[in-house]
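Given next are the chains, with one letter for each unit.
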Amino acid sequence: MADTKSDYFVPHGSPWPIVASVSMFVMALGGALWLNGSDAGRTVLLLGLAGLTFMMFGWLGTVIRENIAGLYSGWVDRSFRQGMAWFIFSEVMFFFGFFGALFYARVLAVPWLGGDGIGEATNSLLWSGFESEWPTNGPGEIGGDAEGGFQTIGWSGLPLLNTALLLTSSVTITIAHHALKNNNRRLLNIGTLLTIVLGAVFLYVQAFEYVHAYQDLDLRLSTGIYGSTFFMLTGFHGAHVTLGVIMLVVTYIRILRGHFTPNEHFGFQAVSWYWHFVDVVWVCLFIFVYVL
Amino acid sequence: MYRSKAHGRWLFIGIAAAALAIATPAAADWALDFPASATELGNKVRGLHHLALIICVVIGIIVFGVLGYSLVKFRKSQGAQAAKFSHSTKAEIVWTVIPVLILVGLAIPTARVLIEMEDTQAADLRIKVTGYQWKWRYEYLDHGISFFSNIDDASNAASILGAGLELHEHYLRDVDKPMVVPVGKKVKLQLTSNDVIHAWWVPEFYVKRDAVPGTINETWFKAEKTGTYRGQCAELCGRGHGFMPIVVEVMEQDEYDAWVAGLTAPAEPEALEEPEAAVSQIAPAAAGGASSR
Amino acid sequence: MSDTTHEEHHDGPHASGMWRWLTTTNHKDIGTLYLVFSLIMFLVGGTMALIIRTELFQPGLQLVDPHFFNQMTTMHALVMIFGALMPAFVGLANWQIPLMVGAPDMALPRMNNWSFWILPPAFLLLLGTLFMPGGAPAGGWTLYPPLILQTGDAFPFVVFSLHMLGASSILGAINIIVTITNMRAPGMGFMKMPLFVWTWLITAYLLIGAMPVLAGAITMLLTDRYFDTSFFLAAGGGDPVMFQHIFWFFGHPEVYILILPAFGIISQVIPTFSRKPLFGYVSMVIATSAIAFLSYVVWAHHMFTVGMPAAGMLFFMITTMFIAVPTGVKIFNWLATMWRGSISFETPMLFAVAFVILFTIGGFSGLMLALVPADIEYHDTYFVVAHFHYVLVPGAIFGVIAGVYYWLPKWTGHMYNETLGKWHFWLSTIFVNILFFPQHFLGLASMPRRIPDYSVQFTEFNMISTVGAFGFGLSQLLFVWMLVKCVKGGEKASTEVWDDPQGLEWTVPSPAPYHTFETAPKV
Ligand code: HEA
Ligand code: HEA
Ligand code: CUA
Ligand SMILES: [Cu+2]
């Protein structure tokens, strides 16, 4: 079905986008029903998720087949690359919103509640006795233990280990990438596998840390602004790492099947970019959420 | 100032003549400008509005004049031949620099007024204003007076869907108990809210400030003339948003003192009604949204 | 009339009927889908506006309950912005950008289909909330907490629907950027691209920068309501005003998303009917970029009454005021394009001229709003409503209409009915002013926005405005009729359609064949 005239491959009709849209709809419907307390909600949500997974296999499978059939020129490849880059940029902006909330709360909202700057009257009339500090769960001591207190996770323990894990994984994926370019399949294989393992360990440590926070530190999503920003930022990051690991696993399977060549390996490159992005977000998190 | 007003009227008449014929020629209130100000600061704001309006009208006349001229003069049907030019650095610099200068000229007086406006120091009287869905509460912190201000009964009855009742002159702009302040005194308002965001607004004072739950916002006014001033809530706050009016009575100092005395002496229990603790004010309101499941 | 180049290659759609439209990857099909969807949403959103205007015809509540009125205000805005205007621009981009840069299609055709087909289900969710317990969202399109958290069962539906709309916009924007940067025909350098392409490129950057931030903001709303976070709760150390900052960090770029493509269309139309090249091409590109850049640092001008440090207000006032400079450059460039041209007044040109005048009026009121002390009095009154409808309706919507008349012959192969077009223009232009100009006076006389009922002194101007609304709405039925007639038949359009227009789209036959530029054109 390839175009004979242009060397830009234009597919003719595809069922996958509409499958994707319907699945998204079902997911949204299920999620909303679930939040509204309906029992069917979760089932519907899972149904949508299943649809989305099915779509992913179908859509990406088609793309991979077309790629192997040699329908894509370097020109198409460039579109994919640029598309992926801009997608990652949109993800950056998504995180930017949450970092913005963190900065706003720390630099403005909490100090104002504590009486700094324009917050003098706010503090004296509404929240007298509240002192601006970070971490905090606010003047109302929302969440936390019976006295409203909570503890935070220090940066020097597991978070530091996690930083090391992710930074190392960034190196291993780069090694794998270079190996791919040099057609060193063995090193490519090892590098990718190592990255997966490092990512998985990272996730394990993160989960461990969450359990610890919930059970021992009285630090929860509901623990005022600190808990909110902490869990939303690290949580969304964790979700992205999970996605990254899944993508890496798929990539690894493709490597085992002999996909990718030294010159054409958009799939690999996209995943590696994504992985670096997840990494950079973590470094920002480590600095702004844990250390500072 | 006069000119801009006349221009606005002219423009309006030109455009709306057709509709005028259809609309009922009721006892018309054709206010075309900001209301007369009851405060000195308000006069300055009104002046800024006029200044900006004049600048815009003048630029508008030039821009639309040139446009109109081109449309008439360079019509193809009149045999106009198209020129070929497509840029002129000189012209482009001119029409970049001139607007910059105009804007700087406009920004300076505006900044001055802004700074004056934000100065809440040295107030003579402090009133804490709390927005509720859908009424206001006024607490005179210096006198221990506190009361709610609700929409008046007549408006309330007439505002029911399909009521079809007669609407009085101050329909939706009247309350049972107005806020009362002395004339010529700097009154500082400390605004907050019990539930969602409201905004306290009296147009003739040129004061509008949001009442945000969990926060105190400060603003001030100094009324120059006695009288009754009317406004209403200016931030969407739910179904009753259109129905939470504000009325301020500005009185001579002695009348005001009598008003204060009348409220503090006999009406002890109501006047000293304790405001609920701040935390319990805020937390349940926010939980209200979250508690539905 | 050179029907020769592509005639032999009759490569129509591969599927037929409904399946074709569901699975199509063709930019022209998808452009059509977007445009039809947008028109339907315009009628839906307009019907809501008519409900608003009918209730406001006279004081006292006659038609709807206040809560339903607030739902109408909120839904009207969401439907118009996300359902009518943005899809209209994306539809035009889909049709025109590949034609204008000489590309065989959009760069990522499957994703293109996906971007569109996210919209109908998303609006199904959004409009469905009207029938839920507690009704549709009623907190205004700005979704401010804590009020929006009082929404009933509709709440998660609204949030997820907006997530989907955001996803659709981001995917669409990525596709447009990649198409423009990667798919241009040889010789089509960046500084040779038509302005519509340029403005869309910059708009797409705004979309990718702004939409994810909205997604984050509404996600925080969701967790505040269902998972006990405290982002917007002072007792927990958060701040309701923080939502407004995040929202407007998206919201202000959003309003330029709604106008920049219209600027692009006007920059195509005016040169064609002035028979003269666009004046100041380079400064147009720079001005558009400057507007986009500035749009990220002005957001708090929507929040001058929330209680901000004075220095903050000054900063946002000054940055806002300076947007007038690049916008002015654009206006002056259009004037200079017409200056000493050879002007004719076909319908697209009429709409373009009205755009220049009426957008400028809307811009002027915007500039006045930027002045903090005055804005404190204008804020949340009908003066603001008048401002943004001037830039949105005779601004953005007129831009879309101008573009549709301009390119319609290329799409359908038929000329539209010029008499109908002229009627549509004159009625629209007269009524839109009757509709929105009096709202300035209502605002100055201190009528707040978002109220279902008002005190008696506002009666007259409200009546006039309502009359204008019905006149304007009914005039749009002429537009619909014109479209139907033009699709069905009419005088055959030539390849060039107009007098010597510039651009690659005028080198392909009318109607444009299903596949164009399969061999790259020479520029
Ligand atoms: C297409 C959409 C669009 C566009 C283009 C604009 C353009 C502008 N807007 Fe508008 N605006 C909205 C859509 C838009 N706006 C919406 C939807 C809202 C309300 C949201 C809500 O609350 O629901 C809003 C609200 C809004 C506010 C908040 C009001 C309030 O709530 O209190 C402000 C305040 O500064 C503002 C300012 C401006 C300015 C300065 C411009 C400038 O870009 C205008 C620049 C143009 C000109 C000035 C004219 C041409 C220039 C010249 C001829 C040059 C010479 C001129 C001079 C030197 C004066 N807008
Ligand atoms: C692109 C955006 C856009 C567009 C095009 C419009 C178009 C219109 N708008 Fe609106 N509007 C907004 C964006 C827009 N608006 C926003 C952002 C708000 C703020 C919301 C908020 O406060 O949260 C707002 C708010 C708003 C208000 C204030 C409400 C309030 O504060 O309570 C009003 C009141 O007059 C109004 C009126 C109108 C009217 C009469 C039109 C007209 O131009 C509409 C004309 C079109 C028609 C009338 C449709 C024609 C069709 C028919 C007549 C046939 C019907 C048939 C079928 C359906 C089969 N709009
Ligand atoms: Cu209170 Cu609006
Ligand atoms: Cu803005």
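Small disclaimer: the values here were computed from a predicted structure and weren't measured.

(A) Quick look at the site of ligand 1. Residues and elements named next belong to chain C. Taken together, 31 residues form the shell around ligand 1, and within it Tyr256, Asp375, His379, His387 and Arg449 come nearest. Within the side chain of tryptophan 141, an N or O atom sits 2.8 Å from an oxygen atom of ligand 1. When residues of the shell around ligand 1 are assigned to their parent elements, the largest contribution, 7 residues, is made by helix H13 (residues 347-370). Class assignment of the residues belonging to the shell around ligand 1 gives a composition of 19 nonpolar, 10 polar and 2 charged.

(B) Up close: the packing of helix H4 (residues 66-101) of chain C against helix H6 (residues 154-182) of chain C. All names here are of chain C. Their axes nearest at 11 Å, the elements H4 and H6 cross at an angle of 20°. Our classification of the angle between H4 and H6 gives roughly parallel. Between H4 and H6 lies a crossing of left-handed hand. Together, Leu78, Phe82, Met86, Ala93 and Ile97 of H4 and Leu162, Leu165, Ser169, Ile176, Thr179 and Ile180 of H6 make up the contact between the two elements. Classifying every residue of the contact of H4 with H6 gives 9 nonpolar, 2 polar and no charged.

(C) Local environment of the interface of chain C and chain B. Contacts between the two partners involve 108 residues from chain C, matched on the other side by 107 residues from chain B. Carbon and sulfur atoms supply 72% of the area buried between chain C and chain B, which totals about 9000 Å² over both sides. If you sort the residues of chain C by the area they bury against chain B, C:Pro373, C:Glu377 and C:Glu460 come out on top, with a joint share of 8%. On inspection of chain C and its partner chain B, the count reaches 2 salt bridges. The shortest N-O distance in the salt bridge between C:Asp499 and B:Lys76 comes to 3.7 Å.

(D) Local environment of the sheet that holds strand E8 (residues 217-221) of chain B. All names here are of chain B. The strand order across the open sheet built from 5 strands is E3-E2-E1-E5-E8, with neighbouring strands paired in mixed fashion. Across the chains shown, the open sheet's two edge strands, defined by having one partner strand only, are strand E3 (145-149) and E8. Each strand of the sheet is rotated relative to its neighbour by a mean of 25°, with strand direction disregarded. Direction of pairing for strand E1 (residues 125-132) relative to strand E5 (residues 187-193): parallel, over a ladder of 7 bridges. Its bridge partner being in E5, arginine 126 is matched across the sheet by lysine 188.

(E) Representation of the interface of chain B and chain A within the structure. Facing 12 residues of chain B, the contacting portion of chain A comprises 10 residues. Interface of chain B and chain A: buried area, both sides summed, is about 920 Å²; carbon and sulfur atoms make up 71% of it. Linking chain B with chain A are 0 salt bridges, by the criterion used here. Across the chain B-chain A interface, the total number found is 2 residue pairs in polar contact (both at pLDDT 80 or more). Those elements that provide at least two residues to the side of chain B that touches chain A are E5 and helix H7 (278-290) of chain B. In terms of residues, the side of chain B that touches chain A owes the most to one element, H7(B), which gives 3 residues. For the side of chain B that touches chain A, the residue count by class is 5 nonpolar, 4 polar and 3 charged.

(F) The arrangement of the coordination of the copper ion (ligand 4) in detail. All names here are of chain C. The copper ion (ligand 4) binds to the protein through His252 (ND1), His301 (NE2) and His302 (NE2), with metal-donor distances spanning 1.8 to 2.1 Å. Each donor residue of the copper ion (ligand 4) belongs to the same chain, and together they define the spacing H-x48-H-H. Separating the copper ion (ligand 4) from the iron atom of ligand 1 is a distance of 4.6 Å. A relative accessible area of 13% means that histidine 301 is categorised as buried.

(G) Local environment of the nonpolar core. Ranked by internal contacts, the top residues of the largest apolar core, which has 332 residues, are C:Phe82, C:Trp200 and C:Trp334. The residues that make up this core include at least three from each of domain 1 (31-74 + 88-119) and domain 2 (125-264) of chain B. Leave out the neighbours within four places in its chain, and C:Trp200 touches C:Phe89, C:Val90, C:Ala93, C:Ile97, C:Ile176, C:Leu207 and C:Pro261.

(H) Representation of the domain arrangement of chain B in the model. All names here are of chain B. By the assigned domains, chain B splits into domain 1 (31-74 + 88-119) and domain 2 (125-264). Each of domain 1 and domain 2 has a C-alpha centre, and the two are 33 Å apart. At the interface, 15 residues of domain 1 touch 13 residues of domain 2. Summed over both partners, the interface of domain 1 with domain 2 comes to about 1100 Å²; 53% of that surface belongs to carbon and sulfur atoms.

(I) A look at the coordination of the iron atom of ligand 1. No other protein atom reaches the iron atom of ligand 1 as a donor apart from C:His387 (NE2), found 2.2 Å away. Checked against the element boundaries, C:His387 lands in helix H15 (residues 382-412).

(J) Quick peek at the pairing of strand E2 (residues 135-140) of chain B. All names here are of chain B. Counting buried positions over the 6 residues of E2 gives 5, a clear majority of the element. With 6 bridges connecting them, E1 and E2 associate as antiparallel partners. Paired with isoleucine 127 across the strands is tyrosine 140, a residue of E2. Connecting the antiparallel pair E1 and E2 is a turn made up of 2 residues. Of the strand pairs in this sheet, E2 and E3 are connected by 5 bridges, and their pairing is antiparallel. Counterpart to arginine 137 in the pairing with E3 is phenylalanine 148. Connecting E2 to the next strand, E3, in antiparallel fashion are 4 residues, including glycine 144 with a positive phi near 70°.

Cut-offs and rules
- Residues numbered from 1 in each chain as written.
- Chains lettered and ligands numbered in written order.
- Predicted model: local features only at pLDDT ≥ 70, side-chain atom pairs only at ≥ 80, totals over all residues.
- Heavy atoms only, no water.
- Near = heavy atom within 4 Å.
- Polar contact = N/O pair within 3.5 Å; in protein donor to acceptor, adjacent residues only side chain to side chain.
- Helix = DSSP H or I, 4+ residues; strand = E, 2+ residues; numbered from the N terminus.
- Nonpolar A, V, L, I, M, F, W, Y, C, P; charged D, E, K, R; others polar.
- Axes fitted to C-alpha atoms, helices over the stretch in contact; angles between N-to-C directions.
- Parallel < 35°, antiparallel > 145°, perpendicular 65-115°, else oblique.
- Left-handed = near helix turned anticlockwise from the far one by under 90°.
- Contact = heavy atoms within 4.5 Å.
- Buried area = accessible area lost by both parts, 1.4 Å probe.
- Salt bridge = Lys/Arg side-chain N within 4 Å of Asp/Glu carboxyl O.
- Pairing = 2+ DSSP bridges.
- Donors = N, O, S within 2.8 Å, 3.2 Å for Na, K, Ca; no water.
- Buried < 20%, exposed > 50% of the residue type's maximum accessible area, 1.4 Å probe, protein only.
- Core = buried A, V, L, I, M, F, W, Y, C linked by side-chain atoms within 4.5 Å.
- Domains from an automatic or database assignment.

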